[in-house]
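# Coordinate analysis (summary)
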Amino acid sequence: MITLQHYLWVSAALFCIGLAGVVARRNALVVYMCLEMMLSAANLTLVAFSRFGVRDGLPDVNAQALVFFTITVAAAEVAVGLAIILALFRAKQRIETDSVNALQG
Amino acid sequence: MSVFYSLTLIALAGLALLLLEAFDSKRALRYARDASLGLCLFVALRLLTGNLNCSSEALPSWVSPWLSFDPLAQTFVVLGLVSTALVLALLRIGESYIRQYTLGGSMSEFYAIPMIMAAAIGFMAAARDLVTVFVALELVTVSFYVLVSMARKSALCLEAGVKYLILGAMSTGVLVFGMAWIYGVCGTLEFSGIASALADPQIAKAPALLACGLMIAALGFKVAAAPFHVWVPDVYQGAPLPISAFLSVGSKAAGFVVLCRLLEGFLGAGSVVAAEVRQLLVILGGLTVLLGALPALHQSSVKRLLGFSSVSHAGFMILGLSSVAPGVTGTGLASFYLATYLPMTVLAFTVLTVMRAHEVGDDLSEIRGLSKRSPMLAFCLTVSMACLAGLPLSVGFLGKWLVLLGLAQAGQLAALVIALIAAACGFYYYFRPIVAAYSSSEEPRKAIEVSIPAAVLLVLLCAVVLVLGLYPAPLNGLLQLTGAPAAAALLR
C-alpha cells in the first residue's frame, strides 16, 4: 500500500536533487532543468496532500487547482528563461554559469 | 469606480502601450507613455483621497472570493502605483542612455511591463489566498527577469539577468514547496484558514515549522534578506538604473505585503509556531542588516552601494515585522518603513540616472567634484544619502528609531546591538558619496545641465523627503495597519 508518506519522501528527494543540481551544476541549461525538477517536486507534494486530504468523503481539489497554475507559470518562466540563456549564448558563445563573473566585489 | 477595475484598466493600458509600438508614430507613443504615467498617479491619488470604492460589494462576484481591498491592501496598491509612476518618470529621464543598449533602440517593453506589474502588485496585496498570491507574485518576478535583461547589448546587464533568473526561479521552487507544506499542514490555502489552523494546539508542529521556514526563505529572496541576498548587488549594478530603482521598491513591496499577510497567521494569537517564527525573524533580520552593511563599507560604485543598502534596509523591515511594541503592529512598522524608504531611495536613483544620461558613471571617482558641475544634483544626493543613513530629523531616522525601540522593548538585546552597529556603519558608507560630491576634482569637467522634467522630479522628491522628516503625521496611520484576514471571510 502506497501511503502519503511515500509520496512525501519521493517529492522531498526530488526537491533535494533539484536543489543540489542548481547549486552544483555549471551549465545554465542543466541548472534550469533542475529548477523545473524542484517545481515538479512541489507539484507532487501538492497533489499527494490533496489526494489524501479527504473532506466529506471526497478529495480536496483546491491544491490540485494550484498545480495547474504552477504548471502554467513554470511554462511562462521557461519561455523567458530560455530567451535570456539564448541571449547569453549569443553574447558569449558559452552558457556555463562561471562565465558570468564580471559583477562582483 | 471600484479599485479592481482601476487596476485592470492599468494592466490593459500596459498592453495597449505594447500594441502602440506596432504603429510607428514616435509622437503618439510619447504621449501615450506620459498618459500612462498620469493614469498611475491618478488612480493612486483617487485611492488616497478615498474616491475609489474598496468595499467587497464593489467587486464582481467572480473575484470577491479571491481579493479583498482592506487598508493594508490599499496601502500597498498606492505604494505599487507610486513606485511604478516614479519608475516611468525615471525611464523617461534615462531614455537616451538606455536606448543605446536595447536591440533597435526599442523602449516599449520598459514602459509597458511596469504598468502590468503595478496591477499585479495591487492584486497581490489584496489576495486572500496563496493561489492568487502565487500567480501575482510570479507575474511580478517573471516581468522583472525581462526588465533586468532587456538592455541586451550590455554584457553586464545580461549577466545580471542570468543571475536573477536562476536565483529567482529557485526561490519560486522553494515558494511552491512551502505552499504545498502549508496546505498539507493547514488543509487550506486561504490566509484566514491558515491562521485558524495554526492556532489549533492539535496541529503537528514540526511540519508546520518546515512550511513556515520554506515560505519565509522564499519571500526572503524577494525582499533581499540574507542569506538569500547574494543576487542583489550584482543585479542592481548590472540592470539599467530605473529598473534597479523599481527592484528596490517594487520587488520589496511585493515581497513584504505577502510576508505581512503570512506572518499575521504565523504570529497570530494562539499560533503554535509563534515563538519559533519570531526568533527566526529576529535572527534573519539581524543577519540581513549586518550582511548588508559590512560589504557596503568598501564599495566604490554607488549603484552597488545602493544594492547593499537595500539589503540592510530590508533587514530593518524584517526586524520591524518581528516587533511587539504596544500601539505599533509589526505589519504597520514594516509598511511605514517601506513608505519612507521609497522616496529616499528613488531620489538617489534619480540623481544617478540624470548623471548617467549625461555620461557620468556611478563610481565614486566620477562623482568627485559634482557640486561644481551641478549644485542641485549634489544637494539632492546629499539629502537622499543623509536620509538613507537615518540622520535625525530626516525621514529615514523615524523608521530606524521605531525598529530599534521595538527591539529594546522586546528585550532582543543581541539584535539591538547588531542593528545599532549596522546603523553606525551606514553613517560611514552613505557619507562617502557626499564627501566625494563636495570634494574638488583635479581635472576641470563640464557642467551638467539638469533638464526641466528631471529637475521637477528631483525637487518633488526632495520636498517629500524633507517635509516627511519634519512632519511625519500623514504616515502615522500606517503604523496601526494589520494584515488580519478581513471579516468578509466569515460571511461566506
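For every chain, the first residue of its written sequence is number 1, and the numbers climb from 1 along that sequence. Whichever chain is written first is A, and whichever ligand is written first is 1; the rest continue in order. Under the rules for a predicted model, residues below a pLDDT of 70 receive no local features and side-chain atom pairs below 80 are neither given nor counted, while totals for whole chains, interfaces and linings still include all residues.

With that settled, the discussion passes to the overall build of chain B. Of the regular secondary structure elements, chain B holds 20 helices and zero strands. The C-alpha extent of chain B, read off along each of the three principal axes, is 75 × 55 × 40 Å. Counting only contacts in chain B whose residues sit at least 6 apart along the sequence, the fraction spanning at least 24 positions is 80%. Runs of H or I in DSSP of at least four residues are treated as helices and runs of E of at least two as strands, each being numbered from the N terminus. Residues are scored as being in contact if the C-beta atoms we place from backbone atoms lie within 7 Å.

Residues and elements named next belong to chain B. A residue's pLDDT is the confidence the predictor assigns to it, expressed on a 0 to 100 scale. When pLDDT is averaged across chain B, the result is 90; 98% of the residues are at 70 or more. When pLDDT is averaged over each element of chain B, helix H5 (residues 130-149) comes out on top at 95 and helix H20 (residues 488-491) at the bottom at 38. Confidence over residues 486-492 falls short of pLDDT 50; this stretch has five contacts with residues more than four positions distant or in other chains. For this predicted complex, the interface confidence reaches an ipTM of 0.95, while the overall pTM sits at 0.93.

On average, residues of chain A carry a pLDDT of 89, and 99% of them reach 70 or more. Mean pLDDT across the elements of chain A ranges from a minimum in strand E1 (residues 54-55) of chain A, with 78, to a maximum in helix H1 (residues 4-24) of chain A, with 94.

Here the focus is the nonpolar core. Residue and element names in this part refer to chain B. One finds Met124 and Ala419 to be the most contacted residues of the largest nonpolar core, which totals 230 residues. Per element, the largest residue contribution to this core is 21 residues, and it comes from helix H6 (residues 155-186). Discounting chain neighbours no more than four positions away, the residues touching methionine 124 are Val133, Ala136, Leu137, Ala254, Val257 and Val258. Buried Ala, Val, Leu, Ile, Met, Phe, Trp, Tyr and Cys residues whose C-beta atoms connect them within 7 Å together make up a nonpolar core. Every C-beta atom is placed from the backbone, and the number of other C-beta atoms within 10 Å of a residue's own sets its class: buried at 20 or more, exposed at 12 or fewer, partly exposed in between.

This paragraph deals with the packing of helix H10 (residues 241-266) of chain B against helix H12 (residues 302-321) of chain B. All names here are of chain B. Following both chains from N to C, one finds H10 and H12 inclined at 15 degrees, their axes separated by 11 Å at the closest point. The angle between H10 and H12 falls in the class roughly parallel. The two elements H10 and H12 meet at a crossing, and its hand is right-handed. Residues Ser244, Ser248, Lys252, Phe256, Leu259 and Leu263 of H10 pack against Lys303, Leu306, Ser310, Ala314, Met317 and Leu321 of H12. Classes in brief: Ala, Val, Leu, Ile, Met, Phe, Trp, Tyr, Cys and Pro nonpolar; Asp, Glu, Lys and Arg charged; the others, Gly included, polar. For the contact of H10 with H12, the residue count by class is seven nonpolar, three polar and two charged. In this analysis, axes come from line fits to C-alpha atoms, helices being fitted only over the stretch in contact, and the angle between any two N-to-C directions falls in the range 0 to 180 degrees. Note on terminology: angles under 35 degrees are roughly parallel, angles over 145 are roughly antiparallel, angles of 65 to 115 are roughly perpendicular, and the others are oblique. In this scheme the handedness of a crossing depends on how the near helix is turned from the far one: anticlockwise by less than a right angle means left-handed, clockwise means right-handed.

Here the focus is the packing of H12 of chain B against helix H13 (residues 330-357) of chain B. Residues and elements named next belong to chain B. Viewed as axis vectors pointing N to C, H12 and H13 meet at an angle of 170 degrees, and their least axial separation amounts to 9 Å. In terms of axis orientation, H12 runs roughly antiparallel to H13. Facing Val302, Lys303, Leu306, His313, Phe316, Met317, Gly320 and Leu321 of H12, the residues of H13 in contact are Gly330, Leu333, Ala334, Tyr337, Leu338, Tyr341, Thr345, Ala348 and Leu352. Tallied by class, the residues present in the contact of H12 with H13 amount to twelve nonpolar, four polar and one charged.

With that settled, consider the interface of chain A and chain B. Contacts between chain A and chain B engage 34 residues on the former and 36 residues on the latter. Elements represented by at least two residues in the side of chain A that touches chain B include exactly H1, helix H2 (28-52) and helix H3 (62-92) of chain A. At 16 residues, H3 of chain A tops the list of elements feeding residues into the side of chain A that touches chain B. Taken together, the residues of the side of chain A that touches chain B sort by class into 26 nonpolar, seven polar and one charged.

Looking now at unusual backbone geometry. Both trends apply: most residues other than glycine have a negative phi, and most peptide bonds are in trans. Along the chain, alanine 226 of chain B connects to proline 227 of chain B via a cis peptide bond; the corresponding omega equals 0 degrees. Tracing the chain through its elements places proline 227 of chain B in the loop between helix H8 (205-222) and helix H9 (231-238). The phi dihedral of glutamine 93 of chain A is positive, around 60 degrees, even though this residue is not glycine. In this structure, glutamine 93 of chain A sits in the segment after H3. Here alanine 224 of chain B, not a glycine, exhibits a phi torsion of approximately 65 degrees, which is positive. Of note, alanine 224 of chain B is situated in the loop between H8 and H9.

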